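Chain and residue survey
One letter stands for each residue in the lines below.
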Amino acid sequence: MLRPVSAYSENLIEIHDLMYSRGARVIFKDLNLTIKRGEVTAFMGPSGTGKTTLLRLITRQLIPQQGAIFVNGVDIATLNQSELYLLRRRFGMLFQNGALLTDINVFENVAFPLREHTRLSNRLIRHVVLTKLHAVGLRGAADMMPSELSGGMARRVALARAMVMDPEILIYDEPFVGLDPISMGVIVRLVRRMNDALGITSIVVSHDVAEVSTVADCSYLISDGKVAASGSPDELRTANSELVRQFMHGMADGPVAFHFEAPNYAEQLLGRDTE
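What comes next concerns the included structure. Positions within a chain are numbered from 1, following the residues in the order the chain's sequence is written. Totals for whole chains, interfaces and linings use every residue, but because this is a predicted model, local features are given only for residues with pLDDT of at least 70 and side-chain atom pairs only at 80 or more, for both listing and counting. Each side-chain value is worked out from all heavy atoms of the structure, with water and hydrogens disregarded.

Description of the sheet that holds strand 2 (residues 25-36)
To keep it simple, the criterion reads: Two strands pair if DSSP finds at least two bridges between them. Counting from the N terminus, the helices are the DSSP runs of H or I reaching at least four residues and the strands are the DSSP runs of E reaching at least two. Contacts are assigned to residue pairs with any non-hydrogen atoms lying within 4.5 Å of each other. Lines fitted to C-alpha atoms define the axes here, with helix axes fitted over just the stretch in contact, and angles between the N-to-C directions of these axes take values from 0 to 180 degrees.
Spatially, 2-1-4-5 is the arrangement adopted by the four strands of the open sheet, whose pairing is antiparallel. Only two strands of the sheet have a single neighbouring strand rather than two, namely strand 2 and strand 5 (74-75). Of the strand pairs in this sheet, strand 1 (residues 11-22) and strand 2 are connected by eight bridges, and their pairing is antiparallel. In the sheet register, Glu 14 faces strand 2, and the bridge partner there is Thr 34. Here helix 1 (residues 51-58) sits on the sheet in contact with strand 1, strand 2 and strand 4 (66-71), set at roughly 115° to strand 1.

Structure below.
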């Protein structure tokens with residue numbers, strides 16, 4: 001079983017001095033942040049800054065080279081395999097592309113975690129699944145196949161599946177990508193509504209500034225392996241930082257360069273030794 005927490009803390013997740021790299025490329029260096037209970041926290045930043053990697057570190061799919069990640073007061077690096085398994089059952093995950101199983105219908109997609117991880121009767125599974133589908137407005141689509149769903153409907157089914165085990169922490173990895181304005185508005189509303197109605201803690205990874213600004217209580221802008229800025233969406237919009245202004249206002253010119261770091265262009269084209 002997970003080790004008990006000695007005292008209640010408003011911070012459900014704490015990350016201290018995190019360092020993680022892939023080969024010679026440093027993804028995070030001395031990263032520090034906290035995620036408060038009951039709030040919607042957003043991770044934002046330019047593409048390639050490691051937002052999804054951070055989610056994998058929080059769920060211990062990846063292990064940092066240095067630093068510590070605490071979930072509910074427990075250093076997840078100290079967990080054995082069975083304790084880690086129990087920890088992960090506290091998380092619900094809405095994957096970037098929905099990740100529905102294509103060979104089974106909507107009902108069975110949502111029921112899948114219950115069939116895998118519980119011994120509930122078919123009657124109870126039916127009750128739970130229809131309740132979750134109703135919450136996302138798709139109880140009437142229970143018999144449809146994933147191929148029959150629109151992009152927005154598929155994302156909502158994936159959200160119902162992420163909620164079906166009543167997680168303590170719900171993670172959304174780029175939930176707004178590829179959606180039309182109406183579907184995006186529905187998902188934004190569901191993120192906020194589910195968080196408040198269920199009393200859970202939500203983590204949203206996104207670069208959609210407008211949508212995140214309507215749903216997040218606190219946002220972290222991550223760049224160059226560290227937290228470049230944090231605060232409410234309004235605080236970020238008025239931050240005195242060129243990088244923050246560039247990102248929040250979608251400016252083409254600024255600290256985030258258009259070109260990825262590369263050797264001298266002319267010398268590389270001519271095949272000369274760049275050393």
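From this point, the discussion proceeds with the structure in view.
Thoughts on the nonpolar core
Rule in force here: Residues grouped as a nonpolar core are buried Ala, Val, Leu, Ile, Met, Phe, Trp, Tyr and Cys residues, joined through side-chain atoms within 4.5 Å. Only protein chains enter the accessibility calculation, which uses a 1.4 Å probe. A residue is then buried if its area is under 20% of the maximum for its type, exposed if over 50%, and partly exposed in between.
Counting residues in hydrophobic clusters, the biggest one holds 46 residues, and the most contacted among them are Val 129, Leu 133, Leu 159 and Tyr 172. With near-sequence residues (within four places) excluded, Val 129 lies in contact with Phe 107, Val 110, Ala 111 and Leu 114. If you look at the next biggest cluster of nonpolar residues, it comprises 31 residues, including Phe 28, Leu 55, Val 74 and Phe 91.

A few points about the packing of helix 3 (residues 106-117) against helix 4 (residues 122-135)
We apply this condition: Every angle not falling under 35 degrees, over 145, or within 65 to 115 is termed oblique; those three ranges are roughly parallel, roughly antiparallel and roughly perpendicular. By convention the crossing between two helices is left-handed if the near helix lies anticlockwise of the far one by an angle smaller than a right angle, and right-handed if it lies clockwise. We call Asp, Glu, Lys and Arg charged. Ala, Val, Leu, Ile, Met, Phe, Trp, Tyr, Cys and Pro are nonpolar, and the rest, Gly among them, are polar.
Running from amino to carboxyl end, helix 3 crosses helix 4 at an angle of 120°, the nearest separation of the two axes being 9 Å. Our classification of the angle between helix 3 and helix 4 gives oblique. The two elements helix 3 and helix 4 cross, and the hand of that crossing is right-handed. Every residue of helix 4 that contacts helix 3 at Val 106, Phe 107, Val 110, Ala 111, Leu 114 and Arg 115 is listed here: Asn 122, Ile 125, Arg 126, Val 128, Val 129, Leu 130 and Leu 133. For the contact of helix 3 with helix 4, the residue count by class is 10 nonpolar, one polar and two charged.

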